[in-house]
Amino acid sequence: MKKWKILSTVTAKSVEVVFEELLKNRGINKKNLKSFLEPSLENVTLELVGLSKKDFEKFEKRIDQANKAKEKIIIYGDYDVDGICASAILWETLYSKSKNVFPYIPDRAEEGYGLSIKGIDNVLINYPDTKVVITVDNGIVAYDAIDYANKLGLEIIITDHHQMGSKKNNASIILHTTNLCGAGIAWVLARELKFESKEKIREKVELAMLATIADLVPLVGANRAIVKVGLEILKNTKRVGLQEILREAKIEKGKIGVYTVGHIISPRLNATGRIDKAVNSLRLLCTKDINKARELASSISLINRNRQDLTEDSVAHAKMLHISNSYSERITIVSHKSYNAGVIGIVASQMVETYYKPAFAISIGEEISKGSARSIKGVNIIELLRSVSDHLIDVGGHPMAAGFSVHTKKLEEFFKALSLKAEKIVTDEILERYITIDLLLPLRLISKKLYQEISKLEPFGMGNPEPVFATEDVLVSEIRKIGRDSNHLKMKLENGGKTFDAVGFGLANMYDIDHGDQISIAYTIDENEWQGKKSLQLKIRDIKPERLN
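First things first, this report covers the structure right here in the doc.

Parameters at a glance
- Residues numbered from 1 in each chain as written.
- Predicted model: local features only at pLDDT ≥ 70, side-chain atom pairs only at ≥ 80, totals over all residues.
- Heavy atoms only, no water.
- Helix = DSSP H or I, 4+ residues; strand = E, 2+ residues; numbered from the N terminus.
- Contact = heavy atoms within 4.5 Å.
- Lys, Arg positive; Asp, Glu negative; His and termini not counted.
- Charge placed at Lys NZ, Arg CZ, Asp CG, Glu CD.
- Salt bridge = Lys/Arg side-chain N within 4 Å of Asp/Glu carboxyl O.
- Pairing = 2+ DSSP bridges.
- Axes fitted to C-alpha atoms, helices over the stretch in contact; angles between N-to-C directions.
- Phe/Tyr/Trp six-rings, centres within 6.5 Å; stacked < 30°, edge-to-face > 60°.
- Buried < 20%, exposed > 50% of the residue type's maximum accessible area, 1.4 Å probe, protein only.
- Lys NZ or Arg CZ within 6 Å of the ring centre and 35° of its normal.
- 1 Å grid on protein atoms, 1.4 Å probe; cavity = no way out; pocket = protein on both sides within 12 Å on 5 of 7 lines; lining within 4 Å.
- Points joined across faces, edges and corners; volume = space filled by probe spheres on them.
- Nonpolar A, V, L, I, M, F, W, Y, C, P; charged D, E, K, R; others polar.
- Parallel < 35°, antiparallel > 145°, perpendicular 65-115°, else oblique.
- Left-handed = near helix turned anticlockwise from the far one by under 90°.
- Core = buried A, V, L, I, M, F, W, Y, C linked by side-chain atoms within 4.5 Å.
- Disulfide = S-S within 2.5 Å.
- Polar contact = N/O pair within 3.5 Å; in protein donor to acceptor, adjacent residues only side chain to side chain.
- Arc of directions from axis to C-beta.

## Some details on the overall build of the chain
At step 1: Helices and strands together make up the secondary structure of the chain, namely 21 helices and 18 strands.
At step 2: On the principal axes, the C-alpha backbone points of the chain span a range of 75 × 55 × 45 Å.
At step 3: Counted over contacts in the chain with a minimum sequence separation of 6, partners at least 24 positions apart contribute 68%.
At step 4: Within the chain, one finds 79 positive and 72 negative side-chain charges whose respective centroids are separated by 3 Å.

Now the structure itself:
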């Protein structure tokens, strides 16, 4: 059972009081209220996002030199949404000035993540006479690959947001910040270069938005501006590739939001890099040919369905493996030779969701095994992995997600070392599940006016969660199970003379409640549309069969 953490003790007496408490809970005051409610791209500057102006000027000068000398430039991306979108932004921008610019997306199976020695060799095979390689969304810890490239006479420019390592990076120029995703960095660089019109550059923010949501970057500050503006641009996108994804996925313009981007659009773009060729997602984003876009969107949807089937099988196997083979009670480790390296990140995420522990999923290879890790609040997963780096070939990532590789013959040593470290840092307190609630709210205060005030805080996501409320003494006047597998709850709930429909997805078998029971509920407020009519409903997050105190 989850522990409820209620942020505000204020008694909610009006919509105005509720909204004021929501702002306080998010650290929003009079000074930053306007910039939060009306975020502007004008405030997304080099300095504010943590990028060095001096290093940008070096970058700008080097691009100008390359264009004048007609040197070949490679944009070296990554195979996830962030890497693909970052590649599209920077390639289109530089291509508008010079046709000697080419995008390159590494193959996950053959070349692995990020800038690699094999990747550099393949770049030179496909694009002889390359002079400059610009990474996007990778490269900050690619020490060996950078040194190798330098020996070959290649100039490496790094643009990345992953955590820096402890060693010196020998790239020619480094543009690094952890305040944006890779595509966010690419967009800021594109705007500062001023190679295209303001309108064209502004349109590209929809790509940075896709990546920001997909990479689970906190939606505050510059990221909030990128996502809010980007979502509006996407609703009327001029990119035929995105138009076709929306058509293929049957997404209506008016219903485009953080959820549709994160759970419907992003998985499609990610699918090619997981089990096929990620360059096809890049082609889809950049093509101006409607027929080509339609063909690619259809193909990518099919690949995504295959990815879903593959993931489902791997997750089911991992859950069975977890039951019989646990190295530590503090973390989850699952590994098998049948796991496709392209889906182990999703497997790790599913394990975290199920068991609420830092999770490590490994695809076992003959000589080298690939791993993916996902974390929970309170555990910096990249630091945990780096603490046992003696057992790894390489590692990179963020505090909440990371990737690594390890010699297969050393897996057992790695598992033991990782488990020992986890026992020291993953405490009982960290492993305790809890739900954060903004404040207690009587149902009588729920109205269209309150819903409109809450909507001002959108977009919701990491760093800016959707407001969650709690209400005590709620009467269950109707209750039934719905859905294909009868695993969702549909209820009518009464409190203080007011009744609302409520839905609890995946909650049908979690609680022993019945018609006539008095319960406490944690929930968000949602607008439901049925047969052209809109009404407010409660989306249940958790239920307690008693009062809170």
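Still to come is the rest of the account.
## A word on unusual backbone geometry
At step 1: Between glutamate 458 and the following residue, proline 459, the backbone shows a cis peptide bond with an omega angle of 5°.
At step 2: Here proline 459 lies in the loop between α21 (448-455) and β14 (469-482).
At step 3: Backbone geometry at leucine 216 places phi at a positive 55°, although glycine is not the residue there.
At step 4: Looking at the secondary structure, you find leucine 216 in the loop between α11 (205-214) and α12 (221-235).

## Some words on the pattern of salt bridges
At step 1: Considering all chains together, one arrives at 24 salt bridges under this definition.
At step 2: Between glutamate 155 and arginine 62 there is a salt bridge whose closest N-O contact spans 2.6 Å. Taken as a pair, glutamate 155 in strand β5 (residues 155-160) and arginine 62 in helix α4 (residues 53-68) lie far apart in primary sequence, 93 residues in all.
At step 3: One salt-bridge network, in which partners are shared between bridges, spans Glu92, Glu196, Lys204, Glu206 and Arg239.

## Details of the sheet that holds strand β9 (residues 368-374)
At step 1: Read across the open sheet, the five strands follow the order β7-β8-β9-β11-β10; overall the sheet is mixed. Two strands bound the open sheet, and with one partner strand each, they are β7 (332-336) and β10 (394-397). The mean angle between the axes of side-by-side strands here comes to 15°, regardless of whether they run parallel or antiparallel.
At step 2: Along the sheet face, helix α17 (residues 344-355) touches β7, β8 (359-363) and β9 and points at about 40° away from the line of β9.

## As for the sheet that holds β5
At step 1: Reading across the sheet, the five strands line up as β3-β2-β4-β5-β6 and stay open at both edges, with parallel pairing between neighbours. Either end of the sheet is taken by a strand with one partner, and the two such strands are β3 (101-104) and β6 (173-176). Neighbour-to-neighbour, the strand axes of the sheet open up by a mean angle of 15°, direction not taken into account.
At step 2: Packing against the sheet, α4 makes contact with β2 (72-76), β4 (130-136), β5 and β6, and its axis sits at approximately 125° to β6.

## Looking at the packing of aromatic side chains
At step 1: The tally for this structure, following the rule as stated, stands at seven aromatic pairs.
At step 2: Centre to centre, the rings of phenylalanine 414 and phenylalanine 415 are 5.8 Å apart; their planes meet at 50°, and the pair counts as tilted.
At step 3: The class of phenylalanine 414 is buried, set by a relative accessible area of 0%.
At step 4: The class of phenylalanine 415 is buried, set by a relative accessible area of 2%.
At step 5: Among the aromatic residues, ring-to-ring pairing joins Phe404, Phe414 and Phe415 into one connected group.
At step 6: A cation over an aromatic ring shows up here: lysine 99 above the ring of tyrosine 95, its NZ or CZ 4.2 Å from the ring centre.

## Comments concerning the layout of surface pockets
At step 1: A volume near 640 Å³ is recorded for the second largest pocket.
At step 2: Lining the second largest pocket are 26 residues, with Glu92, Lys204, Arg239, Cys286 and Lys288 positioned closest to its centre.
At step 3: Mapped onto the lining of the second largest pocket, the elements with two or more residues apiece are α5 (81-95), α10 (198-203) and α15 (279-286).
At step 4: Residue composition of the lining of the second largest pocket, by class: nine nonpolar, four polar and 13 charged.

## Some words on the packing of α4 against helix α9 (residues 182-193)
At step 1: Closest axis-to-axis distance for the α4/α9 pair is 11 Å, and the angle between their directions is 65°. Overall, the two elements α4 and α9 adopt an arrangement that is roughly perpendicular. In terms of crossing hand, the pair formed by α4 and α9 is right-handed. Along the contact surface, α4 presents Phe56, Phe59 and Glu60, while α9 presents Leu189, Glu192 and Leu193.
At step 2: A breakdown of the residues in the contact of α4 with α9 according to their chemical character gives four nonpolar, no polar and two charged.

## Considerations on the nonpolar core
As a rule of thumb, nonpolar side chains are buried together in soluble globular proteins.
At step 1: Counting 76 residues, the largest nonpolar core has Phe59, Ile134 and Leu210 as its most contacted members.
At step 2: Here this core gets nine residues from one element, more than from any other, and that element is α5.
At step 3: Setting aside residues no more than four positions away along its own chain, leucine 210 makes contact with Val81, Cys85, Leu234, Leu242, Val261, Ile265, Ser266 and Leu269.
At step 4: Residues Val352, Ile381, Val406 and Val426 belong to the second largest nonpolar core, which totals 40 residues.

## Brief notes about the side chain of histidine 176
At step 1: Summarising the element assignment, histidine 176 is placed in strand β6.
At step 2: Accessibility expressed as a relative area gives 16% for histidine 176, which makes it buried.

## Considerations on the state of the cysteines
At step 1: For the structure on display, the rule yields zero disulfides.
At step 2: With no disulfide of its own, cysteine 85 lies closest to cysteine 181 among cysteine sulfurs, the gap being 8.2 Å.
At step 3: Looking at cysteine 85, the relative accessible area reads 0%, which means it is buried.
At step 4: Between cysteine 286, a cysteine without a disulfide, and cysteine 85, which holds the nearest cysteine sulfur, the sulfur-to-sulfur distance is 9.2 Å.
At step 5: With a relative accessible area of 16%, cysteine 286 lands in the buried category.

## Re the pairing of strand β16 (residues 498-504)
At step 1: As judged from the seven bridges shared by strand β15 (residues 488-495) and β16, these two strands associate in the antiparallel manner. By the bridge assignment, glutamate 494 is partnered in β16 with threonine 499.
At step 2: Turn length for the β15-β16 hairpin, with the two strands adjacent in sequence and antiparallel, is two residues, and the turn residue glycine 496 shows positive phi of about 60°.

## What about the side chain of arginine 386?
At step 1: Counting through the fold element by element, arginine 386 comes out in helix α18 (residues 381-386).
At step 2: The side chain of arginine 386 is buried and forms no salt bridge, while glutamate 383, the nearest opposite charge, is found at 4.0 Å.
At step 3: Of the polar contacts made by the side chain of arginine 386, one reaches the backbone oxygen of glutamine 163; its length is 3.1 Å.
At step 4: Excluding residues within four positions of it along the chain, arginine 386 makes contact with Val141, Gln163, Met164, Gly165 and Val395.

## Topic: helix α7 (residues 117-126)
At step 1: Every buried residue belonging to α7 is among Gly119, Ile120, Asn122 and Val123, and all of these are buried. Buried residues along α7 cover an arc of 160° about the axis, so they all sit on one side.
At step 2: Elements that come into contact with the buried residues of α7 comprise β2, β3, α6 (108-111), β4 and α8 (143-151).

This is a description of form; function is not addressed.
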